[in-house]
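Results of the structural survey
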Protein chains: 2
Amino acid sequence: MDTQKTYTIGELARDFDVTTRTIRFYEDQGLLSPRRRGQTRIYSPADRTTLKLILRGKRLGFSLAESRELIFMYRPARDNREQLEALIGKITEKRAQLEQQLTDIRILQGELDDAEARARQAMENLENDHV
Amino acid sequence: MDTQKTYTIGELARDFDVTTRTIRFYEDQGLLSPRRRGQTRIYSPADRTTLKLILRGKRLGFSLAESRELIFMYRPARDNREQLEALIGKITEKRAQLEQQLTDIRILQGELDDAEARARQAMENLENDHV
DNA sequence: AGCATGCTTTACGTTAACGTAAACTTCCCC
DNA sequence: GGGGAAGTTTACGTTAACGTAAAGCATGCT
């Protein structure tokens, strides 16, 4: 069946809260390749997923170049041995980076707890001084 | 005692693997305010910590503006009630953002596991085809 | 027919976060 | 006392990731 849902650029833009310019820009950068009906871009569910990956990458501070790598890691890309080993190398690197981010986040969470506790304490003090 | 260790800009640059230009840029942006001995900048352990915070922020994809907020969250800053409530609001927001990042990371980790498994499988297949 | 909506391309503009270069002082060393 | 190394200011350059027009086609209402 050819009954796959498709999306216009405007729909994707609304759904993910980005501008159409942004989506076209990602295409320029080789991250998306939607089909065309005439001039008009038609996005598949797969395209939609790719966009989701890019935006997730952004939330983690990745550049588009990094996100592109991650996306292509996911497409097996008919490889020879060297390429596969290089791929595994990159995966290992990314994993290390993610671990670093995890520890960074945990530390920051602790600091936020701290900061909030102090803020609440300061508010209590205000109350008391006021009385 | 005034026996606090101090650092030159070059030392900090080496220690954190950034350029001196970068450190001066952060000062321009109001993130660092080292003492001066004549013209020369002298960094305290506190300055060093601030720099560490900025770089951790970068690893998490924060802008310098965001890092600046985080840094000032940590300095109690003599507040009234409104300010304190605004502060707590920001802390809550940041926490939500960090939670989002955590889930993003976990999903990505799973995908990396996946990708590596497939890559290893592809390598095995290569061996076999070759034999 | 006329007009709004939503798509398209082309192209110049903008912001953040530095890089890079030039020209100058200060200090130390032999 | 002449380098060299490390600091300084000033200023223009660069890259990524879009923003912001401008001008034009296609479709669908009324």
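Predicted model, so just to flag it, every value in this text is computed and none were measured.

To continue, consider the overall build of chain A. Looking only at helices and strands, one finds five helices and two strands in chain A. Ordered by position from the N terminus, the helices and strands of chain A form the series α-α-β-β-α-α-α. The C-alpha atoms of chain A give 22 Å as radius of gyration, which overshoots the globular expectation for 131 residues (14 Å, by more than 25%). Scored against the burial criterion, the 131 residues of chain A give a buried share of 34%. Put simply, of all contacts in chain A between residues at least 6 apart along the chain, 53% involve residues at least 24 apart. For chain A, the exposed area adds up to about 8,300 Å²; of that, 49% sits on carbon and sulfur atoms. Across chain A, the mean location of the 23 positive side-chain charges is 11 Å away from that of the 22 negative side-chain charges.

Next up on the list: the domain arrangement of chain A. Residue and element names in this part refer to chain A. Here chain A is described as being made up of domain 1 (1-75) and domain 2 (79-131). For domain 1 and domain 2, the distance between their C-alpha centroids amounts to 28 Å. Between domain 1 and domain 2, the residue contacts involve six residues of the former and seven residues of the latter. Put simply, domain 1 and domain 2 have two salt bridges between them. Here Glu 69 makes a salt bridge to Lys 90, at a shortest N to O gap of 3.1 Å. On the surface where domain 1 and domain 2 come into contact, there are three residue pairs in polar contact (both at pLDDT 80 or more).

Listed per partner, the contact involves 44 residues of chain A and 44 residues of chain B. Counting each side, the surface lost to burial between chain A and chain B is near 4,200 Å², with a carbon and sulfur contribution of 65%. Considering only the surface of chain A that becomes buried against chain B, A:Arg56, A:Tyr74 and A:Leu112 emerge as the three largest contributors, covering 15% of it. Joining chain A to chain B, the criterion identifies eight salt bridges.

As a matter of local geometry, DNA strand C sits amid 17 residues, with A:Arg24, A:Arg41, B:Thr19, B:Tyr26 and B:Leu64 nearest to it. Per the 4 Å cut-off to the protein, sugar and phosphate atoms form 66% of the nearby atoms of DNA strand C. A:Thr8 is positioned such that a nitrogen or oxygen atom in its side chain is 3.2 Å from a phosphate oxygen of DNA strand C. In the model, a phosphate oxygen of DNA strand C is placed 2.9 Å from a nitrogen or oxygen of the B:Lys58 side chain. Elements that contribute at least two residues to the surface near DNA strand C include exactly α1 (9-16), α2 (20-28) and β2 (40-42) of chain A together with α2 (20-28) of chain B. Element by element, the count of residues in the surface near DNA strand C is highest for α2(B), at four residues.

Side chains that differ in charge, positive against negative, can pair when their charged atoms come close. The tally for this structure, following the rule as stated, stands at 26 salt bridges over all chains. Through salt bridges that share partners, A:Arg95, B:Asp113, B:Glu116 and B:Arg120 make up one connected network.

With that out of the way, let us pick up α2(A). Residues and elements named next belong to chain A. Every buried residue belonging to α2 is among Ile 23, Tyr 26 and Glu 27, and all of these are buried. Taken down its axis, α2 places every buried residue within 105° of arc, on the same side. In this structure, α2 carries Arg 21 and Asp 28 as exposed residues pointing more than 90 degrees from its buried face. Here the buried face of α2 lies against α1, β1 (35-37), β2, α3 (45-59) and α4 (64-74). Looking one or two residues past α2, Gly 30 carries a phi angle of roughly 80°, positive in sign.

Rules and cut-offs
- Residues numbered from 1 in each chain as written.
- Chains lettered and ligands numbered in written order.
- Predicted model: local features only at pLDDT ≥ 70, side-chain atom pairs only at ≥ 80, totals over all residues.
- Heavy atoms only, no water.
- Helix = DSSP H or I, 4+ residues; strand = E, 2+ residues; numbered from the N terminus.
- Rg over C-alpha atoms; globule rule 2.2 N^0.38 Å.
- Buried < 20%, exposed > 50% of the residue type's maximum accessible area, 1.4 Å probe, protein only.
- Contact = heavy atoms within 4.5 Å.
- Areas by Shrake-Rupley, 256 points an atom, 1.4 Å probe, with all protein chains shown as cover.
- Lys, Arg positive; Asp, Glu negative; His and termini not counted.
- Charge placed at Lys NZ, Arg CZ, Asp CG, Glu CD.
- Domains from an automatic or database assignment.
- Salt bridge = Lys/Arg side-chain N within 4 Å of Asp/Glu carboxyl O.
- Polar contact = N/O pair within 3.5 Å; in protein donor to acceptor, adjacent residues only side chain to side chain.
- Buried area = accessible area lost by both parts, 1.4 Å probe.
- Near = heavy atom within 4 Å.
- Arc of directions from axis to C-beta.

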